[in-house]
Amino acid sequence: MEGSKRNKPFYGWVIMGCLFLITMLPMAFYSNFYSYYQMPICEEFGCSYVEFSISNIASTVAGMLFSLTLAGKVSRGNTRLWMLVGGAVGSAALLAQSCITAIWQLYLTFFVVNFALSAITYVPINFLISQWFIDKKGLVTSIVFTGSGIGGMLFSGLAAGIIANQGWRTGFRVTALITIVTVMIAFLLIRKSPAEMGLEPYRDRRGGQEKKTGSSGKPQWEGLSKAEAVKTKAFWLYALCLICCGIAAAGIFTQAPTYLIENGVDYAPVMAVSSGAMIIGKLIAGPLIDKLGIQKGTMITCLFGAAGLALLLLVPGMGAAAAFAGLAIIPIGTSITSVGPPLLTSLVFGTKDFGSIYGLGNTFFMGGCMIGPLLSSGIRTAMGSYLAAWIVFILIFLGLAATAVLAVKQGEASRQAA
């Protein structure tokens, strides 16, 4: 990668590395491993798993509230300072979480943790990528968000060992330490935009000549304000797309282990393969979008998701073979749910008010994440089988692809009218 001067190394490498570190360490430890705390906390406080799960609802509401109220300020203001403050408050809340004496205190502290740490995760991460990269956004987004999967694989045993041997309170304290150290490193190294360093955003160079286009092959567009965007048809198609993304992201894998158990399949090795496929899926989705554009990239990944779900329909008759195949393919489909939304935001609405628009869009995504598990488990309860749920989720993938394509087309109409 190159900056505006050939003798200057492109600082975007450093930005990408810092963002990867955030997803690999704080995001993995406070998000990926949170379920590890369920049993020991429930045993100590004598509460049910359902009562523990209320904390997840509190965290989702916190993320939605942050996206609605502060996402625009993070992108328009001093982004690195917001990240530092968010990391410090989140770390303090994690320390407080290690001292709780009742389950209701877990709800309160986890709400604060997720509200504060929203200032270091999705909105600022995707905003910084949009500032530093015009081309190869898909690849960079894929690399950055594989950090959570890699962190999950590398540190799962460590996190489980700390909780089992040192106690769950120590687990929260270790997470607090990891968070504040990572955020301090990011504060020292991250810069909001290339202009602060006399550089330009990364553009693809072919044959020594700079290509003045973004990943979609279209000229870079400043775009719309949030107030302008919400008045367009494109925004509501975009919102529907993000709801579908959230439903697909949260509604399949939360129920897959139960589905496999019901059909006599050992879920542990299947889900291990699926976890590895999630990393590969994200690394496929970004470059695919860079190469073919977000419309074709979304359609292809969604077809993989639908095909994987079709294979899950065969599990009652084929057993583990269909389970392994289906849950190895579905992650290619769900990869679009993390890589696609920020790329769709910048393509449809430009970078003028990216933080505010993406923050608002993120509330729709999180709403979908709340709907997803309720939808799949609700259909299972009503129909007595997950088969009908997987058919509905095939339709969700098709709806995701259709709304993404239509949102881009409507966005092009707004661009031409500008």
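Just above, that's the structure.
All of the points below concern the structure found in this document. Worth saying up front: this structure is predicted, and the values here are computed from it rather than measured. (Residues numbered from 1 in each chain as written. Predicted model: local features only at pLDDT ≥ 70, side-chain atom pairs only at ≥ 80, totals over all residues. Heavy atoms only, no water.)

### As for helix H14 (residues 294-312)
- With 19 residues, H14 extends 27 Å from end C-alpha to end C-alpha; this agrees with the ideal 27 Å at 1.5 Å per step.
- When H14 is considered as a whole, its buried residues turn out to be Ile294, Gly297, Thr298, Thr301, Cys302, Gly305, Ala306, Gly308, Leu309 and Leu312. All buried residues of H14 lie within an arc of 165° about the axis, which places them on one face of the element. (Helix = DSSP H or I, 4+ residues; strand = E, 2+ residues; numbered from the N terminus. Expected span 1.5 Å × (residues − 1). Buried < 20%, exposed > 50% of the residue type's maximum accessible area, 1.4 Å probe, protein only. Arc of directions from axis to C-beta.)

### Observations regarding the state of the cysteines
- Enumeration according to the criterion identifies zero disulfides in this entry.
- Left without a disulfide partner, Cys99 is nearest to the cysteine sulfur of Cys47, which lies 18 Å away. (Disulfide = S-S within 2.5 Å.)

### What to know about the packing of aromatic side chains
- Evaluation of the coordinates by the stated rule reveals 28 aromatic pairs.
- Aromatic side chains Tyr11 and Trp132 sit 5.9 Å apart centroid to centroid with 40° between the ring planes, which places their arrangement in the tilted category. Remark: Trp132 occurs in helix H7 (residues 122-132) and Tyr11 occurs in the segment before helix H1 (12-32); sequence separation between them is 121 residues.
- Aromatic pair Tyr238 and Phe349: ring centres 5.2 Å apart, planes at 80°, arrangement edge-to-face. Of the two residues, Tyr238 sits in helix H11 (residues 233-251) while Phe349 sits in helix H17 (residues 336-349), which places them 111 residues apart along the sequence. (Phe/Tyr/Trp six-rings, centres within 6.5 Å; stacked < 30°, edge-to-face > 60°.)

### Some thoughts on empty space enclosed by the protein
- Throughout the structure, instances matching the rule amount to seven cavities of 30 Å³ or more.
- What the second largest cavity holds in volume is close to 70 Å³.
- Lining the second largest cavity are Tyr122, Leu242, Thr337, Ser338, Pro341, Tyr358, Gly361, Asn362 and Phe365.
- Every element with two or more residues in the lining of the second largest cavity is listed here: H17 and helix H18 (354-383).
- Here the lining of the second largest cavity takes four residues from H18, the largest share from any one element.
- Its residues assigned to classes, the lining of the second largest cavity comprises five nonpolar, four polar and no charged. (1 Å grid on protein atoms, 1.4 Å probe; cavity = no way out; pocket = protein on both sides within 12 Å on 5 of 7 lines; lining within 4 Å. Points joined across faces, edges and corners; volume = space filled by probe spheres on them. Nonpolar A, V, L, I, M, F, W, Y, C, P; charged D, E, K, R; others polar.)

### Regarding the pattern of salt bridges
- Enumeration over the complete set of coordinates arrives at three salt bridges.
- Between Arg169 and Glu44 there is a salt bridge whose closest N-O contact spans 2.8 Å. Separated by 125 residues along the polypeptide, Arg169 in helix H9 (residues 168-189) and Glu44 in helix H2 (residues 38-45) bring together distant segments of the chain.
- With relative accessibility at 22%, the residue Arg169 sits in the partly exposed group.
- A residue is classified by how much of its surface remains accessible, and Glu44, at 44% relative accessible area, is partly exposed.
- Here Asp353 and Arg76 are joined by a salt bridge, their closest N and O atoms 3.4 Å apart. (Salt bridge = Lys/Arg side-chain N within 4 Å of Asp/Glu carboxyl O.)

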